[in-house]
Amino acid sequence: MAKAAFLPPGRGKKIEIRLVQEHDEIIKEFPRPVKAIQARFRQGAQCLVALKEGQFVGFLWLLIGNYEEDEVRARFIPLPEGQAAWDFDVYVAPDFRLGLTFLRLWDQANRILCDNGILWSCSRISAFNTGSLGAHARLGTLSLGSAIFFCAGQSQITLASVSPYFHLSRYSGSSPEFRLNTRELQITRSAHTTNPSWSDHAAP
């Protein structure tokens, strides 16, 4: 994780970052399905919310443990256990994407992860989301692999660059399991964060 904050002291302080619980009123403003939000909390995920003058402007989700994806069928296991976590669905409201919200969210996320002894944070980034790819690249993101998900009704075909490489699922309880071992990353740490990422293409 980051050894230094992305923002200098005093910068972005008008943007409040706080952890919220499942029944917090602010969740009603999230641009996500209620069932997906409930499933995230059931997995033990934590949600950081960004507010500016009381207005909801963004969120970031963290999970110290295994993650069941809610957009496609896939299970991600960041390794080593206790040293790697999962971050997902970083959202910033359109009117605030040129500001400091993204970096404020990540500064607080890094504090939480570092306090829990986490060295690496992994995430899944859609190959079609150029904005997210660019933002994460500026944080020093490294790629651990990629996958293509073909979905048709209840069926899903997964082609990946890492094990299990190919997976066919015909029902909701069947999904590929990806064990992402950050020990395999041979890099020299810098003063900036190095978040391993997973890119994918999801085809309907």
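Residues numbered from 1 in each chain as written. Predicted model: local features only at pLDDT ≥ 70, side-chain atom pairs only at ≥ 80, totals over all residues. Heavy atoms only, no water.

Caption draft 1: Geometry of unusual backbone geometry. A cis amide bond links L79 with the next residue in sequence, P80, at an omega value of 0 degrees. You can see P80 is positioned in the loop between β5 (75-79) and β6 (84-92). The omega angle of the peptide bond from S163 to P164 is 15 degrees, so this bond is cis rather than trans. With respect to the helices and strands, the residue P164 is situated in the loop between β9 (155-160) and β10 (166-169). The phi dihedral of E53 is positive, around 55 degrees, even though this residue is not glycine. Residue E53 is classed as exposed on the basis of its relative accessible area, which comes to 78%. In this structure, D89 takes a positive phi of about 50 degrees despite not being glycine. Here D89 lies in strand β6. (Helix = DSSP H or I, 4+ residues; strand = E, 2+ residues; numbered from the N terminus. Buried < 20%, exposed > 50% of the residue type's maximum accessible area, 1.4 Å probe, protein only.)

Caption draft 2: View of the pattern of salt bridges. All chains considered together, the criterion is met by eleven salt bridges. A salt bridge links D24 to R18, with the nearest nitrogen and oxygen atoms 3.0 Å apart. Given a relative accessible area of 26%, R18 falls into the partly exposed group. A salt bridge links E25 to K28; its shortest N-O distance comes to 2.9 Å. Both residues of the pair, E25 and K28, belong to the exposed class. (Salt bridge = Lys/Arg side-chain N within 4 Å of Asp/Glu carboxyl O.)

Caption draft 3: Up close: the environment of Y171. You can see Y171 is positioned in the loop between β10 and β11 (177-181). Residue classification places Y171 among the exposed residues on the basis of a relative accessible area of 52%. Sequence-wise, Y171 and G153 are 18 residues apart; in three dimensions their C-alpha atoms are separated by 9.4 Å. Excluding its chain neighbours within four sequence positions, the residues that come into contact with Y171 are R73 and Q154. (Contact = heavy atoms within 4.5 Å.)

Caption draft 4: Looking closely at the sheet that holds β5. Here we have three strands laid out as an open sheet, ordered β4-β5-β11, and mixed in their pairing. The sheet is open, and its two borders are formed by β4 (67-68) and β11, each paired with just one other strand. The pairing of β5 with β11 spans five bridges and is parallel. Bridge pairing in β11 places I77 opposite R179. (Pairing = 2+ DSSP bridges.)

Caption draft 5: Structural view of the packing of aromatic side chains. Under the counting rule described, the total for this entry stands at twelve aromatic pairs. Taken together, the ring pairs connect F30, F41, F56, F59, W61, Y67, F76, W86, F88, Y91 and F178 into an aromatic cluster. Its end group placed over the ring of W61, R40 keeps NZ or CZ at 5.0 Å from the ring centre. (Phe/Tyr/Trp six-rings, centres within 6.5 Å; stacked < 30°, edge-to-face > 60°. Lys NZ or Arg CZ within 6 Å of the ring centre and 35° of its normal.)

Caption draft 6: Examining the nonpolar core more closely. With 51 residues, the main nonpolar core has F30, V49 and W61 as its most contacted residues. Take this core: its biggest share by element is seven residues, from strand β3 (residues 55-63). Once you skip the residues sitting within four places of it in the chain, W61 turns out to touch F30, I37, R40, F41, A45, Q46, C47, W86, D87, F88 and D89. (Core = buried A, V, L, I, M, F, W, Y, C linked by side-chain atoms within 4.5 Å.)

Caption draft 7: Looking closely at the environment of E71. Tracing the sequence through the fold places E71 in the loop between β4 and β5. Given a relative accessible area of 62%, E71 falls into the exposed group. Along the primary structure E71 and A36 are separated by 35 residues, whereas in three dimensions their C-alpha atoms are 8.8 Å apart. Polar side-chain contacts of E71 include one of 2.7 Å to the side chain of R124. (Polar contact = N/O pair within 3.5 Å; in protein donor to acceptor, adjacent residues only side chain to side chain.)

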